[in-house]
Amino acid sequence: KEKEGRKGNYFVSNFGSFHHTNLTKDTPSMSLVTDRAQNSEILLVIDADDLLEKVNVAPGRIVNASVATFEGLSKEGLLRVGVANGASYGAEFSVSAECQPDIADVLGKTISLSGEESREVPLQILAETTLGKNHSCRVRLLNSIGREIDQHDVDFATVDTEL
């Protein structure tokens, strides 16, 4: 088509109607309207000289943390962590835990909380022994830039595995 002096079809135009309005630094708005279900990957290239990333950093705290007694070598362990955002605006927080002895690595979670919102964050706990024991976890709360802002210690027990 280019040899004939005509414009080529952009890939995006085959999947719907592409609209952009008010493409300025202050109010960018783009949309792709389609009337069918589809799986597509679209690469959008934007000059990044004028992009600005905003990260809200807020004070937060661990309100409570607990683990109910559960059977060893089971997946029934659940560390419940209450987290509160201490700011009037939304922000992200990360919750992690290190537990011992004989507790598998705990997978942490990242959550978004609106202003002054509180939420319980469940973390799965796996005891790696069949014997009942006393255990402990150190729970850490990180703000949106990865700084530790609170920590809390939790003691709990597992009971012998019934075979």
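Refer to the structure printed above.
Let me begin by describing the structure that accompanies this report. Keep in mind that this is a model prediction, so the values were computed, not measured. (Residues numbered from 1 in each chain as written. Predicted model: local features only at pLDDT ≥ 70, side-chain atom pairs only at ≥ 80, totals over all residues. Heavy atoms only, no water.)

## Concerning a nonpolar patch on the surface
And step 1. Where nonpolar side chains cluster on the molecular surface, the patch consists of Leu44, Ile46 and Leu51 and spans about 310 Å² of accessible area.
And step 2. Summarising the element assignment, leucine 51 is placed in the loop between β2 (29–33) and β3 (60–67).
And step 3. For leucine 51, a relative accessible area of 58% gives the class exposed. (Patch = residues over 30% accessible without salt bridge, like charges linked within 9 Å, V, L, I, M, F, W, Y side chains within 5 Å. Areas by Shrake-Rupley, 256 points an atom, 1.4 Å probe, with all protein chains shown as cover. Salt bridge = Lys/Arg side-chain N within 4 Å of Asp/Glu carboxyl O. Helix = DSSP H or I, 4+ residues; strand = E, 2+ residues; numbered from the N terminus. Buried < 20%, exposed > 50% of the residue type's maximum accessible area, 1.4 Å probe, protein only.)

## A short note on the state of the cysteines
And step 1. Evaluated as defined, the whole model comprises one disulfide.
And step 2. With a sulfur-sulfur separation of 1.9 Å, cysteine 99 is cross-linked through a disulfide to cysteine 137. Across the disulfide from cysteine 99 to cysteine 137, rotation about the S-S bond amounts to roughly 105 degrees, and the bridge is consequently right-handed. In this pair, cysteine 99 sits in strand β6 (residues 91–100) while cysteine 137 sits in strand β9 (residues 134–142), placing the two residues 38 residues apart along the sequence. With respect to burial, cysteine 99 and cysteine 137 carry one shared label: buried. (Disulfide = S-S within 2.5 Å.)

## Quick look at the side chain of threonine 161
And step 1. Positionally, threonine 161 belongs in the segment after β10 (148–159).
And step 2. Polar contacts involving the side chain of threonine 161 include one to the main-chain carbonyl oxygen of glycine 72, which spans 2.5 Å.
And step 3. Apart from residues no more than four positions distant in its own chain, threonine 161 is found in contact with Glu71, Gly72, Leu73, Thr129 and Thr130. (Polar contact = N/O pair within 3.5 Å; in protein donor to acceptor, adjacent residues only side chain to side chain. Contact = heavy atoms within 4.5 Å.)

## Focus on the pairing of β10
And step 1. In the sheet, strand β4 (residues 70–71) pairs with β10 via two bridges, with the strands oriented parallel. Considered in β10, the bridge of glutamate 71 is made with valine 159.
And step 2. When β9 meets β10, the two strands line up antiparallel, connected through nine bridges. Looking at β10, one finds that leucine 141 is bridged to aspartate 150.
And step 3. Between the end of β9 and the start of β10, which pair antiparallel, lie five residues, with glycine 146 showing a positive phi angle near 85 degrees. (Pairing = 2+ DSSP bridges.)

## Here we look at the nonpolar core
And step 1. With 27 residues, the main nonpolar core has Leu79, Val81, Val83, Val95, Leu123, Ile125 and Val139 as its most contacted residues.
And step 2. Those elements that place two or more of their residues in this core are β3, β5 (77–85), β6, β7 (109–113), β8 (118–125), β9 and β10.
And step 3. Looking at which element gives the most residues to this core, the answer is β6, with five residues. (Core = buried A, V, L, I, M, F, W, Y, C linked by side-chain atoms within 4.5 Å.)

## A few points about the sheet that holds β5
And step 1. What the three strands build is an open sheet, ordered β3-β5-β8; its pairing is antiparallel. Strands with a single pairing partner mark the edges of an open sheet, and in this sheet they are β3 and β8. Geometrically, the sheet is characterised by an average inter-axis angle of 20 degrees between neighbouring strands, direction not taken into account.
And step 2. Relative to β5, β3 runs antiparallel, the two sharing seven bridges. Each residue of the ladder has a partner; that of valine 67, found in β5, is leucine 79. (Axes fitted to C-alpha atoms, helices over the stretch in contact; angles between N-to-C directions.)

## Side note on the environment of threonine 129
And step 1. Along the chain, the position of threonine 129 falls in the loop between β8 and β9.
And step 2. Residues contacting threonine 129, with those up to four places away along its chain left out, are Gly72, Leu73, Asp102 and Thr161.

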